[in-house]
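Observations on the model geometry
Single-letter residue listing:
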Amino acid sequence: MADYVIEMLGISKYFPGIKANDNITLQLKRGEIHALLGENGAGKSTLMSILFGLYQPDEGVIKKDGKVVKINNPNDANDLRIGMVHQHFKLVECYSVLDNIILGVEPNVAGILQKQEARSKIMELSEKYGLQIDPDAIVENITVGMQQRVEILKMLYRDNDVLIFDEPTAVLTPQEITELMSIMKKLATEGKSILFISHKLAEIMTVADRCSVLRKGKYIGTVDIKDTTAEGLSTMMVGRKVNLKLEKKEATPGEVILDVNNLTVASNSSKKDAVKNVSFNVKRGEIVCIAGIEGNGQAELIQAITGLSKQKKGKLTLCDKDISHESIRYRSEHGMSHIPEDRHKHGLVLDYNLAQNIVLQRYREPEFSKFGFIKFDAVKKYAEKLIQKFDVRCGQGAETIVRSMSGGNQQKAIIAREIDKNPELLITVQPTRGLDVGAIEYIHKAILEQRDSGKAILLVSLELDEVMNLSDRILVMYEGELVGEFKSSEVDTETLGLYMTGAKRDNITKEATK
Amino acid sequence: MKKGIAIISSIVCILVGLLFGLILLCIIDPADSISLGFSPLILSGLSTAFDPNWIAAGTNLMKLGQEIANAMPIIMTGLSVAFAFKMGLFNIGAAGQYTLGAFGALYCALVLKCPWYVCLLAATLLGAIWGMLPGLLKAYLNINEVISCIMLNWIGLYGVNTIMCSNDKMFNSSQAKAYQVGVVNKSALIPDSIFGWNISETFNYAATNTGIIFAVVIAIIILIVLNKTTFGYELKACGYNKDAAKYAGINDKRNIILAMVISGALAGFGAGLFYLSGTVQWNPLDSTALPAAGFDGITVALLGLVNPIGCIFSGLFISHISVGGTMMQQSIFPSEISQLITGLIVYLCAFSPIMQEKLTKLFEAHKKIKHDVNKEEK
Amino acid sequence: ACGSKSGSKASKKISKNDVALITDVGTIDDESFNQATWQGVKQYCKENGFKCDYKKPTADSTDARVSSITEACSQGYKTIVLPGYLFGDALAQVQDSFPDVKFIAIDVSKGDLKKNISKNVVCFTFAEEQAGYLAGYAAVKDGYSKLGFLGGMKVPSVERYGYGYLQGIKNAANETNTKVDVKYTYGGQFAADDKITAKMQGWYSAGTEVVFACGGGIYGSPLEACGQYKGKLIGVDVDQYSKGKKCEKQHGYNPFVTSAMKGLQNTTVSVLNDIKDGKWKKYGGNIMHYSLKDGDYVGLPTDDKSWNFQKFTKDEYNAIEAKVKDGSIKIDDSTNIDVEKLSDNNVKISLIK
Amino acid sequence: MSAGLLILIKFTLLSGIVLMYVALGGCFSEHSGVINIALEGVMVIGGLFGILTVCCIPKNLPSFLIVTISILVAMISGMIYSSLLAFASINLKADQTIGGTALNILATAIALVVVKHYNSTITTNNAQSPKLNYDNSLFIFNVGPFTLNVFIILGIVLLVLSYFVLYKTRFGLHLRACGEHPQAADSVGINVYKMRWAGVLISGALAGIGGMAYIVPSVQEWNFEVGVGGMGFLALAVMIFGKWNPGYIFLGSLFFAVFKSLANIYDSTFLASFHLTKEIYNMMPFIASLVVLMFTSKNSKAPKAEGIPYDKGMR
Ligand SMILES: Nc1ncnc2c1ncn2[C@@H]1O[C@H](COP(=O)(O)OP(=O)(O)OP(=O)(O)O)[C@@H](O)[C@H]1O
Ligand SMILES: Nc1ncnc2c1ncn2[C@@H]1O[C@H](COP(=O)(O)OP(=O)(O)OP(=O)(O)O)[C@@H](O)[C@H]1O
Ligand SMILES: [Mg+2]
Ligand SMILES: [Mg+2]
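Residues numbered from 1 in each chain as written. Chains lettered and ligands numbered in written order. Predicted model: local features only at pLDDT ≥ 70, side-chain atom pairs only at ≥ 80, totals over all residues. Heavy atoms only, no water.

Considerations on the domain arrangement of chain A
Residues and elements named next belong to chain A. You can read the domains of chain A as domain 1 (1–81 + 160–242), domain 2 (267–335 + 424–514) and domain 3 (347–422). One C-alpha centre belongs to domain 1, the other to domain 2, and the line joining them spans 35 Å. Counting the surface lost from both domain 1 and domain 2, the interface buries some 1,000 Å², and carbon and sulfur atoms represent 58% of this. For the pair domain 1 and domain 2, the number of links is zero salt bridges. (Domains from an automatic or database assignment. Buried area = accessible area lost by both parts, 1.4 Å probe. Salt bridge = Lys/Arg side-chain N within 4 Å of Asp/Glu carboxyl O.)

Listed below in structure tokens is the structure:
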């Protein structure tokens, strides 16, 4: 028995209106990497937050080294040497790396900080595990990868020996993921026990020793990785067989819909240009994907194309109309749809109801308004139609306040809205971020349908799987420039990775893309 | 349902506030606390409306008239604050816009000798301009409107007072105040009667005029604009989520500016209503305090649940108890008790989301059984 | 428990001798009209066992004042005191609506009333310019040559004090042929605060020797500022010598050289007493202008304890007072004059806006 | 040195220190994540009870004690009053602006009711006076040609202390983390609610002293009808102007104070020859700071989580 470091026995946790964890048991062996798998909302983060002391379980006990313990807050967890890298990083952006690592356990004399001591310990750890960081850099200026290393160092600095990684790979590049995997393995061989949450089956297959599966808050079971396959895991997770590979026909590109010519865009955060002299086009009936590591200018590129920010130089043409200096509304009314990256920030007015969100760009059309007055009946009817058509699940139909809907359904509502506008060009950024396989499947199908009905689609994704599965043509973006163009059928992930990290580049000219 | 709960929670706030006031009055002087304190305080104008003495003198509606006259400007500043709130802006600058509005009205009335509607228009315009400035600063330079409004309040006050003092036609040096509109230019007075009904005569209070009808009509217009029009839809979208509004092609800069312009216009209009009512006098020598109507607007808006119709009622309520405050025996009870009560009510209003949540739960507990039955039928 | 209605209703009833006062814009203790008359009212009621109360209008408007007066009348008050020229219009409106109520209006002149005065009304005004004259004259005679005038707000009575003060200064300066500097300003308020303290400190440090603090509680600021520079003050309305006690403790001298007084409180008390004694006829329908000619209604205090002049003697004071009284010295009582124009060879007046 | 300049320095220090106290208070509160728009009201309350203490305390106590006790009372009453904001905005997650505005409205009303009641109990003649009379001599002393007051000395000490606490101590690191990213702070075991309470209470303490420092040194009688005349709001502006940093806040307060003083004493300096009205000088700091804000607003240093109630359950 005592070879379990952590045992969570019969854990239940209720949230208003939902049982997030229902009698869950999880046992973690010393020195193992234990994966935790489940759909969105299955209760993985909740379970881990309970272990880390952020929530209290309503039922059940936690044992550490065979002894029952009570973990009331992260301090208790820390005393028990449990550490966690959160799904959304918990770093104070304007603090230095050093301050973030020591936050909460600062060496001090009578309350006065003694940073020198901390610094040498951190440098030691960073060398030992190959976690390269600059202790004096300000967190808001460093890459996501480095932020993750900071989070890991935070755990190591606290001498934790139970390490929880909640979806650590969602934001990393393939190279960084490989790096992280090896670090995790190294930590495990040193006797640290690791809990690892991921939606990516391949990762689990490579790194984990065992895997526990949750579904809708319930515990399904634990398997040894060497006895199972990716398909087996996914079946366990959703309760049915999932098609992991998308079936798609060959694309039949038509005329050019979007033409981007020598586009240069200033950066949101730094003084340098984020997009440098980029040219490409998207044709009817094809899916063009911009691949690249986060922060290489994709966001700025899309903002410029959609009109959310101004370009510095260059020309944008949509269906033969010059839209370089047109407003967002003009672009939207002339055939551009946009599924934004951040659905809460851009996609929805969370305090409006579903109907009001469904007409977010179209409330001025004569169908929905007259003399400046909104025809609420027409809006409602239309919303109900879309809810039916796209199977958006919501409590009170068109009147549901969007804030109360689940993330997946919010995303569906956006997709319904954007597709039903019947656009010429559909721009979609990270359409499946953080969604579970079931939802991903649905959305991918919808996008493909659009392609097949002759729309032009511009996809931005950080997920290489998605890129490979969905696109017909792939453009790789690195430091604001397009450095490679491929047919998706003629390239593999490794090659893409090399381009994305800047290790390789081609010279892309406007002519080449034509 | 939701609205009902909101109103109930407001009423609870008011009752608690009043109870606190009563306790305070008891502490100050237990013997007279009801008869000379609390009863005039909460009955206010109503106590005289049915008093035989007052009825005999034919002045029984005078105090109610005074309440209405005092409510006009604060209903407007309340609307001003509420309107900006809908756009997610905190218009603490209503005081400054009100100041400019007063100046516009008085300048047109006293110097240019314009008729009332021109004066009112000028008040509205100047208020709108003064509201536009923080709007511009917010939209184009991202300067927090609270700060710029505070600055512009004082700039407006000093500026207006400087100009007024140096203008002989505005500044009555023998009284050390601005001239009374009713004395200098009768045509600038807001009409007393509408459809043959002379409001001032009914209430026996000269300053009570058709202005209150203007205020009510404008509140209704604002309500319609906010809830029924595309403009209101845009505005609220910007207020809830600026980025999403921008994504939807709504010009958020334009809306921020427009919202502040309208907000300022409402405050300016309120000042116009007040200063064109006859005998009120601006005191340009006093630069120590901003007009209270501006800050009362915040109270009115909050107590009125940021709803235009709510503003009418809360404006009347606040005016009601502040007139009541002056009807208490002044040598025993400070009239500021009414202000204390309103402050307390607004403080309690800050809790109203939580209170509403609790109340909703309370109601839903009753409904629960029904609900479950439905579920099983499915 | 509280608010037991035991206090019998009868005792709350207003009886015919009770007095109500309606305040001007300022507070009841503005150390000016409101306070002085209210003190008069209270003194009278206390001596005779009557009740008194005051009402504060909700806004600075005639309508609000009329409403407050109506309220007092309807409650049964038969004597109502109205301090301040702002009551002119309101009085004109109500005087005939309540013929059985007696109105005592302080500082309301014919010009303020704009109407014929009714039999149930009496108005009082004072010759502030005489008090101001005497103060200015005395100060220069006492040897001060750098003087200041700090008015509260530019209201008529303050202006009259100020104009009289300047005339007194000029007269004395020309008599003794000394050069005198006068700084003249209005604070814009009747209360002291840090801003005015700063201004006064500026004056005293730049050499101003004595400041006539003319308006309610505004004297607090020069009082605060003077100590360090051994600066002096002239009080207003009442004898303010006792206000200098704190400074005496702190800096070893009382800064009030004198005070330009007018008899607000006394007048109020004596009218009320006369009404009680049935002598209303003497007043009803009149506008009474009280100057030295009519009695000691204006002037400087001559008690030994508040006589704080070094050179200027009581004999000199009596002499000049007599001249003012008999009219051999004419003092202009206009308002809204350009004070800087009054400068001459000996006296330099600078107006500070 | 000309007399005019001396006085300018004196009054700049006088009101600059007040602004600094209050802006520092705001700075602590906002660094913890709570926007304290109630500073104006807290100043009134601090001033009120501080002065009441000066009035009521036995006069035969050593003056050092009188000064200390009354300042302590101002500080504590400021803390108690601001705890109303803390309770509403931290525990009940109420809207901070609404709560703060309510406290501003309440403060003047409370002050007037208390002062009037106090005045009518100490005098028999039922005076409903909104003014308090007090003796400020204990707070003021001269150093050469300079008139200083205890608040200036205390202020400088607190300024240095504030800087040290915010940037050099464990407490400061925790406090600022709560204003920037409360979830992060919570995840490393910092009690966000406690830190926010601390931030608001410190702001109450500083604003309470600030209220007293505003009223006491310049006059010996205060009319509470004017409250503190917008100083609290001005301090908020100074805080933003000073980028939430004690050092800049100090400079910002002096900048505002120079103009504020000039407005009052310009006639005793060389500026007299320009014949501008005092209103122009009064306007200056406001116009100037608007202009400065226009140029600096692009890179605001406001704590990121300020104004957002922290909810442990929220993701
Ligand atoms: N604070 C909360 N209040 C209410 N409900 C919550 C809260 N936190 C989580 N939930 C709900 O509990 C369920 C489990 O959430 P949890 O975040 O643990 O899921 P997850 O398995 O981590 O999902 P994902 O893969 O999206 O991260 C979800 O339905 C979620 O909406
Ligand atoms: N904070 C919350 N309070 C109350 N209910 C919540 C909360 N968060 C989520 N829920 C409810 O929990 C359910 C699942 O929500 P959740 O956001 O976890 O879904 P999801 O599909 O996992 O979304 P995502 O993909 O964004 O993680 C929804 O019905 C939602 O209404
Ligand atoms: Mg989730
Ligand atoms: Mg999760």
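Thoughts on a positive patch on the surface
Residues K310(A), K345(A), K242(B), K246(B), K253(B) and K298(D) make up a contiguous surface patch of positive charge. Assignment of secondary structure puts K298(D) in the segment after α11 (278–296). According to the relative accessible area criterion, K298(D) is exposed, its value standing at 63%. (Patch = residues over 30% accessible without salt bridge, like charges linked within 9 Å, V, L, I, M, F, W, Y side chains within 5 Å. Areas by Shrake-Rupley, 256 points an atom, 1.4 Å probe, with all protein chains shown as cover. Lys, Arg positive; Asp, Glu negative; His and termini not counted. Charge placed at Lys NZ, Arg CZ, Asp CG, Glu CD. Helix = DSSP H or I, 4+ residues; strand = E, 2+ residues; numbered from the N terminus. Buried < 20%, exposed > 50% of the residue type's maximum accessible area, 1.4 Å probe, protein only.)

Description of the nonpolar core
Nonpolar side chains in soluble globular proteins tend to end up buried together. Core analysis: the largest hydrophobic core is formed by 312 residues, its most contacted members being L496(A), I80(C), F103(C), F151(D) and F224(D). For this core, the element with the most residues is helix α5 (residues 62–86) of chain B, which contributes 14 residues. When we break this core down by domain, the ones giving at least three residues each are domain 2 (267–335 + 424–514) and domain 3 (347–422) of chain A. For I80(C), the contacting residues outside a window of four places in its chain are A20(C), I22(C), I69(C), A72(C), C73(C), V101(C), K102(C), F103(C) and I104(C). Of all hydrophobic cores here, the second largest spans 77 residues; its members include F171(B), V41(C), L264(C) and I331(C). (Core = buried A, V, L, I, M, F, W, Y, C linked by side-chain atoms within 4.5 Å. Contact = heavy atoms within 4.5 Å.)

A look at the sheet that holds strand β6 (residues 146–151) of chain C
All names here are of chain C. As summarised here, the arrangement of the seven strands in space is β12-β10-β9-β8-β6-β7-β13, forming an open sheet in which the pairing is mixed. Both outer strands of the open sheet, β12 (298–299) and β13 (347–352), are each paired with one neighbouring strand and no more. Strand direction decides the pairing type here: strand β7 (residues 180–186) and β13, joined by six bridges, are parallel. Across the sheet, the residue bridging to K183 is S350, located in β13. (Pairing = 2+ DSSP bridges.)

Focus on the environment of Q356(B)
Residue and element names in this part refer to chain B. With respect to the helices, strands and loops of the structure, Q356 is situated in helix α18 (residues 352–377). Along the chain, Q356 and G315 lie 41 residues apart, while their C-alpha atoms are 22 Å from each other. In this view, Q356 contacts I5, A6 and S9; residues no more than four positions away in its chain are not counted.

A closer look at the pairing of strand β21 (residues 425–429) of chain A
All names here are of chain A. Burial analysis of β21 places five of its five residues in the buried class, the great majority of the element. Where burial is concerned, the two faces of β21 agree: the one with L425, I427 and V429 and the one with L426 and T428 are both buried. The pairing of strand β18 (residues 336–339) with β21 spans four bridges and is parallel. Its bridge partner being in β21, S337 is matched across the sheet by L426. With five bridges connecting them, β21 and strand β22 (residues 456–461) associate as parallel partners. In the sheet register, I427 faces β22, and the bridge partner there is L458.

Focus on the packing of aromatic side chains
By the definition in use, this model includes 46 aromatic pairs over all chains. Between F124(C) and Y290(C), the ring centres sit 5.4 Å apart and the planes meet at 55 degrees, which makes this aromatic pair tilted. One end of the pair, F124(C), is in strand β5 (residues 121–126); the other, Y290(C), is in strand β11 (residues 286–290), with 166 residues separating them in the sequence. The exposure classification of F124(C) matches that of Y290(C), with both residues buried. Feature note: the residues Y133(C), Y137(C), W307(C), F309(C), F312(C) and Y317(C) constitute an aromatic cluster, connected by ring pairs. Cation over ring: K412(A) sits above Y442(A), and NZ or CZ is 5.0 Å from the ring centre. (Phe/Tyr/Trp six-rings, centres within 6.5 Å; stacked < 30°, edge-to-face > 60°. Lys NZ or Arg CZ within 6 Å of the ring centre and 35° of its normal.)

Considerations on the packing of helix α5 (residues 150–168) of chain D against helix α6 (residues 170–180) of chain D
All names here are of chain D. In contact at an axis separation of 5 Å, α5 and α6 are set at 70 degrees when each is read in the N-to-C sense. On the basis of their axis angle, the class for α5 and α6 is roughly perpendicular. Residue-level inspection shows V165, L166, Y167 and K168 of α5 in contact with α6, the latter providing R170, F171, G172, L173, L175 and R176. Grouping the constituent residues of the contact of α5 with α6 by class yields six nonpolar, one polar and three charged. (Axes fitted to C-alpha atoms, helices over the stretch in contact; angles between N-to-C directions. Parallel < 35°, antiparallel > 145°, perpendicular 65-115°, else oblique. Nonpolar A, V, L, I, M, F, W, Y, C, P; charged D, E, K, R; others polar.)

Some details on the side chain of T306(A)
Residue and element names in this part refer to chain A. Inspection of the secondary structure assignment puts T306 in helix α9 (residues 298–306). The buried category is assigned to T306, whose relative accessible area is 5%. A polar contact of 2.8 Å, which involves the side chain of T306, links it to the backbone oxygen of I302. (Polar contact = N/O pair within 3.5 Å; in protein donor to acceptor, adjacent residues only side chain to side chain.)

A look at the confidence of the model for chain D
Residue and element names in this part refer to chain D. Confidence in the prediction for chain D averages 87 pLDDT; 94% of positions are at 70 or higher. Ranking the elements of chain D by mean pLDDT puts strand β3 (residues 146–149) last, at 80, and helix α8 (residues 192–215) first, at 95. The ipTM for the predicted assembly is 0.81, set against a pTM of 0.84. (pLDDT = per-residue confidence, 0-100.)

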